[in-house]
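# Residue-level structural notes
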Amino acid sequence: SAFATIVDGMNVPTETAVFHGLNVATLYYVRVAAIAGGVVSGWSATASITTASDTTLPAPPTSATASFLGSGDLVVTWTPSSSANARDTEIRIWDSSSKTTLYATIYNATGRYVWTAAQNLAATSGTGAASVYVELRTRGYNNLFSAAVVVGSTTKTRPATPGGIVQSWNSDTGTAGADWTIAWAAQNDATLWQLTINGGTPRTIANTTYTYTLDANIAQNTSADPTLSYSLVAMDALGQSS
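What counts, and at which threshold
- Residues numbered from 1 in each chain as written.
- Predicted model: local features only at pLDDT ≥ 70, side-chain atom pairs only at ≥ 80, totals over all residues.
- Heavy atoms only, no water.
- Patch = residues over 30% accessible without salt bridge, like charges linked within 9 Å, V, L, I, M, F, W, Y side chains within 5 Å.
- Areas by Shrake-Rupley, 256 points an atom, 1.4 Å probe, with all protein chains shown as cover.
- Salt bridge = Lys/Arg side-chain N within 4 Å of Asp/Glu carboxyl O.
- Helix = DSSP H or I, 4+ residues; strand = E, 2+ residues; numbered from the N terminus.
- Buried < 20%, exposed > 50% of the residue type's maximum accessible area, 1.4 Å probe, protein only.
- Contact = heavy atoms within 4.5 Å.
- Polar contact = N/O pair within 3.5 Å; in protein donor to acceptor, adjacent residues only side chain to side chain.

A separate point is a nonpolar patch on the surface. Taken together, the side chains of M10, V12 and F19 present a nonpolar region at the surface, about 220 Å² in accessible area. Of note, F19 is situated in the segment before strand 1 (27–30).

Spelled out as structure tokens, the structure:
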């Protein structure tokens with residue numbers, strides 16, 4: 001009652017304030033001051049309330065799904081619990097059903113969450129987890145949890161093989177002495193491509209076209225090679241290749 005320890009506080013533009021995460025069965029004291037033009041009034045009379053002894057588990061979420069979209073984002077959707085004491089939903093993302101490694105714990109009340117490929121890479125030290133195990137449960141305001149809803153394992157497939165390839169020598173000379181250009185179709189499950197020419201070191205390419213200049217041809221093949229061999233693979237954001 002002396003307000004020696006402040007548990008929470010906020011400025012609000014209305015006559016209502018909502019405080020979350022308070023302990024159950026605990027006596028709290030509250031007071032209010034008005035602010036006008038930067039001037040703060042004195043404190044109101046003190047009110048007190050004892051929070052309820054809520055020991056009821058909230059109902060679990062329903063209709064939970066998880067799937068990889070695009071080049072590596074994991075999308076989790078669900079219908080939030082309708083329990084009056086439901087605060088939000090806890091999402092736990094594991095390495096597998098054995099639950100050896102916990103990649104992420106997220107609290108969300110919207111019914112949809114995207115665990116990005118960047119978050120995936122950060123949680124796996126850059127390795128990228130193309131297969132994960134997901135489970136959800138409702139968190140109550142009293143920090144009690146519902147039974148877990150197992151969404152299960154979901155796996156991102158490898159990117160599709162690049163297609164729509166078009167290649168040509170500049171000016172169509174048909175002989176060494178020109179630049180060679182290759183282009184291919186974009187893919188929604190790929191962010192990078194690796195092009196290998198004449199069995200050399202793969203070139204990592206971020207767009208859908210590449211020009212192998214005459215200078216590069218001579219430098220890498222002693223003399224200009226008029227007949228090139230190549231391979232092209234697509235890479236997703238988790239490091240998987242087609």
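On the secondary structure map, T65 appears in strand 5 (residues 62–69). The partly exposed category is assigned to T65, whose relative accessible area is 41%. The sequence separation of T65 and V233 amounts to 168 residues, and the corresponding C-alpha distance is 30 Å. Residues contacting T65, with those up to four places away along its chain left out, are V75, V76, T77 and V151. Side chain to side chain, T65 and T77 meet in a polar contact 2.4 Å long.

Assignment of secondary structure puts Q220 in helix 2 (residues 214–221). Here Q220 falls in the partly exposed class, since its relative accessible area comes to 46%. Measuring from C-alpha to C-alpha, the distance between Q220 and G200 comes to 8.5 Å, with 20 residues separating the pair along the chain. Among all residues touching Q220, those that are not within four sequence positions of it are R203 and Y212. A polar contact of 3.0 Å, which involves the side chain of Q220, links it to the side chain of Y212.

Within this structure, the stated rule accounts for six salt bridges. Note that R139 and D88 form a salt bridge whose closest N and O atoms lie 2.7 Å from each other. You can see R139 sitting in strand 10 (residues 131–140) and its partner D88 sitting in strand 7 (residues 86–94), a full 51 residues away along the chain. Here R92 and E135 are joined by a salt bridge, their closest N and O atoms 3.1 Å apart. Placement of R92 in strand 7 and of E135 in strand 10 is noted, with a sequence separation of 43 residues between them. What makes R92 buried here is its relative accessible area of 17%.

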